[in-house]
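Per-entry structural report
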Amino acid sequence: MSRALLYCIVFIVLNLTAISPVSALDNLPQQHDQETVVQDQFHGDEIEAEHHAPPGWTVIPFVLLLLMIATGPLFYEHFWHKNYPKIAVALALLVVIYYLFVLHNTHGPVHALAEYVQFIALLASLYIASGGIMIDIDKKATPLANVLLLLAGAVVSNLIGTTGASMLLIRPFIRLNKTRIKAYHIIFFIFAVSNIGGSLTPIGDPPLFLGFLKGVPFFWTLEHNIIPWAFALLILVVIFYLFDVRNKQNFGEDDVEYSNSISLIGSRNFLWLLVIIGSVFLDPNVIEWVPAIHYDGQKFSFVREVIMFSVAYFSFRFADKKAIQGNEFSFEPIREVAFIFIGIFGTMMPALELVGNFAASPEGSKLITHNTLYWGTGILSGFLDNAPTYINFLTAALASQNGNINLIADVAAFANGGTFHDSVLDLKAISIAAVFFGAFTYIGNGPNFMVKSIAEQVGIKMPSFFGYIIRFSIPFLLPLLILVWLVFFAFL
C-alpha cells in the first residue's frame, strides 16, 4: 500500500512541476496510410504542446478558485454569494488570455469551451426537466426505506445518468425525511446516487461516456465494474443505516398516518428525459451523418447541445405547475453550478495539461501501473472534474504502451485485452477511480454541487467544502476507496 501511495504522490508532484516533458508518442507504430496521417497529426500536436507547455505557476488561479469555493461560504459569505460569478469568470479569463496571447495555444481554450458547453447542456437540461416531476412518498421515514431509495437511485443512475437520478430523487428523499433530515442524508445521497451508482453504463457518469465515445465497448463497464459497484454500495448503505438508525429526531410520530403510497405529478416530463438521454448518442465522432463544427481537423458536436437546451426551455415552459411548486423549483442551483464550473473548466487547463504531458513522457510512463492509475486518476478526479481527468489518464496509459487515444481501434483493443499489457486492469482502475473518487469533494462531479445547492435552498445546513472532506470523505469514503483498492487492484 505505501509503495503505491508513494508512486501516486511522486506522480502528482512531478507533473505539477514539469515544464516541458518529452512525448512518449515518438515510437508509435506505423499502420495503414490513413492512420499514419492521423498519428502524424497527433504527434505534431504533441510537439507543439511541448513548445507551449504551461509553467507550473499557471495552476495558481485554479488553486485560488478552489480555496475561495472552500472558504467563501465560511468567512465572507455575503461577498462570496454576491460576487462568485465575477470571480469565477475573471479567473477563467486570466488563464484563457495567457493561453491565447502568451502560449499562443488555441487548442486548450477551444476544447475547454466545447467540454463546458457539453457539460452544462446536459446538467441544465436534466435539472430543469426533472424539476417538473414531483415524486411524493407518503411513507414513514425509516432507515430501511432510506436504504432502499438509495439503492434504487444507484440503479436508476445507470439509466438516466447520475445527474438525472440525482435531480429526480433528491427532492423526494428530502421530503421523505422532512421531520428528521440532516446533512449526512444528503452526503450519502451524493456518495451513492450522484457518483458510485453510475458505474455500470456509459450513460451513468460523464467519464464513462467519454470512454465510450473514444472506443470502449458499451457493455464493458457493466461486465467489469459490477462487482466493485455492488461491493462499494453495500458498504455505503450499511454505514448509512448505522447512522440513520441512531437518528431519533421526530422519529416515529404516532399521530401521523401514512398511506404507504407513491404519487407522481408531471409524468410527461419523463418523455423530455428520454429525449435528453437519446440525444446523448448524437455524437459526430461516432455517427458520421451528424452535423458538426469542424475545427483544426476535429469535429465538435452542436446538434446534441441544441436539443438539450431546447428540452430545458420547453420542459419548463410546459411543465405541470403543481410539480414545479411542489418541488420549490429554483434556477439558483443550476446558475451557481454554471458559473462555478466556468471557473473550473477555464482554470484547470494547465493542471490537466501538466498531468497529461508528464504521464505521457518516458519518466511518467515508468510510473504507470494499475495501482498508480487508480490513485492518480482518483485523487485528481476528486479535485478536478472527473471527465477530463479520466481522458487524460486513459491517454497516458495508452501512450505508455505506444497506443493512441485518437484511434478507436487502439482504445477498443486496450479495453478488450490481449494487445496491450495488463490493459483491462488498467482501464478498470481508471474507470472505477474516476467515478468513485468523484464523490470526494463538492466539485468532483457536476451533480454534487447541484444536490448541495438544492439542499441549502430548502434550509438544510450543509458542511463547507473542507467540512465535507474532513467530516465525511476522509472518515467514511476514503476507507472505502482504500478497501476497494485492496480487494480489486492492490495484489493483482
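Residues numbered from 1 in each chain as written. Predicted model: local features only at pLDDT ≥ 70, side-chain atom pairs only at ≥ 80, totals over all residues. Heavy atoms only, no water.

**Side note on the overall build of the protein**
Scanning the protein for helices and strands turns up 21 helices and 4 strands. Counting every position in the protein, which comprises 492 residues, the buried fraction comes to 58%. Looking at the protein alone, contacts between residues at least 24 apart form 81% of all its contacts between residues at least 6 apart. Within the structure as shown, the protein displays about 20200 Å² of accessible surface, and the carbon and sulfur contribution to it stands at 67%. (Helix = DSSP H or I, 4+ residues; strand = E, 2+ residues; numbered from the N terminus. Buried < 20%, exposed > 50% of the residue type's maximum accessible area, 1.4 Å probe, protein only. Contact = heavy atoms within 4.5 Å. Areas by Shrake-Rupley, 256 points an atom, 1.4 Å probe, with all protein chains shown as cover.)

**Regarding the pattern of salt bridges**
Within the structure shown, the criterion is met by 6 salt bridges. The shortest N-O distance in the salt bridge between D283 and R304 comes to 3.2 Å. One end of the pair, D283, is in the loop between helix 10 (269–279) and strand 3 (292–295); the other, R304, is in helix 11 (residues 303–317), with 21 residues separating them in the sequence. In this structure, D283 and R304 share a single accessibility class: buried. (Salt bridge = Lys/Arg side-chain N within 4 Å of Asp/Glu carboxyl O.)

**Considering unusual backbone geometry**
Here H104, not a glycine, exhibits a phi torsion of approximately 55 degrees, which is positive. Along the chain, H104 turns up in the loop between helix 4 (77–101) and helix 5 (107–131). Of note in this structure, D422 is not a glycine but carries a positive phi near 60 degrees. As for its position among the elements, D422 is in the loop between helix 18 (408–416) and helix 19 (423–436).

**Regarding the nonpolar core**
One finds I186, F191, F341, Y374, Y390, V484 and F489 to be the most contacted residues of the largest nonpolar core, which totals 137 residues. At 13 residues, helix 6 (residues 143–176) tops the list of elements feeding residues into this core. For V484, the contacting residues outside a window of four places in its chain are F231, A232, Y374, I432, F436 and F489. In this structure, Y98, L103, A112 and M349 belong to the second largest nonpolar core, which totals 6 residues. (Core = buried A, V, L, I, M, F, W, Y, C linked by side-chain atoms within 4.5 Å.)

**Considering the packing of aromatic side chains**
Within this structure, the stated rule accounts for 41 aromatic pairs. Counting every residue linked through ring pairs, the aromatic cluster contains Y184, F188, F191, F240, F243, Y442, F449, Y468, F472 and F476. Across from the ring centre of F318, 5.2 Å away, lies the NZ or CZ of R317, which sits over that ring. Seen from the ring of F316, K321 lies directly overhead, with NZ or CZ sitting 5.6 Å from the centre. (Phe/Tyr/Trp six-rings, centres within 6.5 Å; stacked < 30°, edge-to-face > 60°. Lys NZ or Arg CZ within 6 Å of the ring centre and 35° of its normal.)

**Some remarks on a nonpolar patch on the surface**
A contiguous nonpolar surface patch, about 720 Å² in accessible area, is contributed by L144, L148, L151, L234, V238, Y241, L242 and V245. Counting residues per element, the ones that place at least two in the nonpolar patch are helix 6 and helix 9 (220–244). Here the nonpolar patch takes 4 residues from helix 9, the largest share from any one element. Its relative accessible area of 34% is what places V245 among the partly exposed residues. (Patch = residues over 30% accessible without salt bridge, like charges linked within 9 Å, V, L, I, M, F, W, Y side chains within 5 Å.)

**Examining the confidence of the model for the protein**
Scored by pLDDT, the protein comes out at a mean of 85, with 88% of its residues at no less than 70. Counted against residues more than four places away or in other chains, residues 1–51, with its pLDDT under 50, gives 84 contacts. (pLDDT = per-residue confidence, 0-100.)

**Structural notes on helix 19**
Across its 14 residues, helix 19 extends 20 Å between first and last C-alpha, which sits within 8% of the 20 Å expected from 1.5 Å per residue. Among the 14 residues that make up helix 19, 13 are buried, leaving the element largely enclosed by the rest of the structure. (Expected span 1.5 Å × (residues − 1).)

**Details of the packing of helix 6 against helix 9**
At a minimum axis distance of 10 Å, the contact between helix 6 and helix 9 shows a crossing angle of 135 degrees. Classified by the angle their axes make, helix 6 and helix 9 are oblique. For the crossing formed where helix 6 meets helix 9, the hand is right-handed. Residues P143, L144, N146, V147, L150, L151, A154, V155, N158 and F173 of helix 6 touch helix 9, and the partners they reach there are W229, L233, V237, F240, Y241 and D244. (Axes fitted to C-alpha atoms, helices over the stretch in contact; angles between N-to-C directions. Parallel < 35°, antiparallel > 145°, perpendicular 65-115°, else oblique. Left-handed = near helix turned anticlockwise from the far one by under 90°.)

**Focus on helix 9**
Since there are 3.6 residues in each turn of an α-helix, residues three or four apart along the chain are aligned in direction. The end-to-end C-alpha separation of helix 9 is 35 Å, in line with the 36 Å expected for 25 residues at 1.5 Å each. Bending of helix 9 peaks at approximately 50 degrees at the position of I226, with proline P228 no more than four residues after it. Taken as a whole, helix 9 has its buried residues at W220, T221, H224, N225, P228, W229, A232, L233, L236, V237, F240 and D244. For helix 9, the secondary structure elements touched by its buried residues are helix 6, helix 7 (183–192), helix 8 (206–214), helix 18, helix 19 and helix 21 (465–488). (Bend = angle between axes of the 7 residues up to and from the residue.)

**Remarks on the pairing of strand 3**
Relative to strand 4 (residues 298–301), strand 3 is paired through 4 bridges, and the arrangement is antiparallel. Its bridge partner lying in strand 4, I293 is registered against F300. If you look at the hairpin formed by strand 3 and strand 4, you'll find 2 residues sitting between the two strands, and D296 has a positive phi there, around 50 degrees. (Pairing = 2+ DSSP bridges.)

**Description of the side chain of D426**
Within the secondary structure layout, D426 lies in helix 19. This buried residue, D426, is left without a salt bridge; K428 holds the nearest opposite charge, at 12 Å. (Lys, Arg positive; Asp, Glu negative; His and termini not counted.)

**Some remarks on the side chain of S431**
Looking at the element boundaries, S431 is found in helix 19. Setting aside residues no more than four positions away along its own chain, S431 makes contact with L208, W220, N225 and Y390.

**Thoughts on the packing of helix 16 (residues 370–383) against helix 17 (residues 386–399)**
Across the interface, helix 16 lies against helix 17 with an axial gap of 9 Å and an inter-helix angle of 155 degrees. Our classification of the angle between helix 16 and helix 17 gives roughly antiparallel. Relative to helix 17, the crossing made by helix 16 is right-handed. Within the contact between the two elements, helix 16 uses L373, G376, T377, L380 and S381 and helix 17 uses N386, T389, F393 and A397.

**Observations concerning the environment of G438**
Within the secondary structure, G438 sits in the loop between helix 19 and helix 20 (446–457). If we ignore the near neighbours within four places in the chain, the residues touching G438 are N195, S381, N386, A433, G444, N445 and N448.

**Considering the environment of L477**
Here L477 is to be found in helix 21. Separated by 245 residues in the primary sequence, L477 and A232 place their C-alpha atoms 9.7 Å from one another. Sequence-distant contacts of L477, that is, excluding residues within four places in its chain, are made with F191, I196, F436, A439, F440 and F472.

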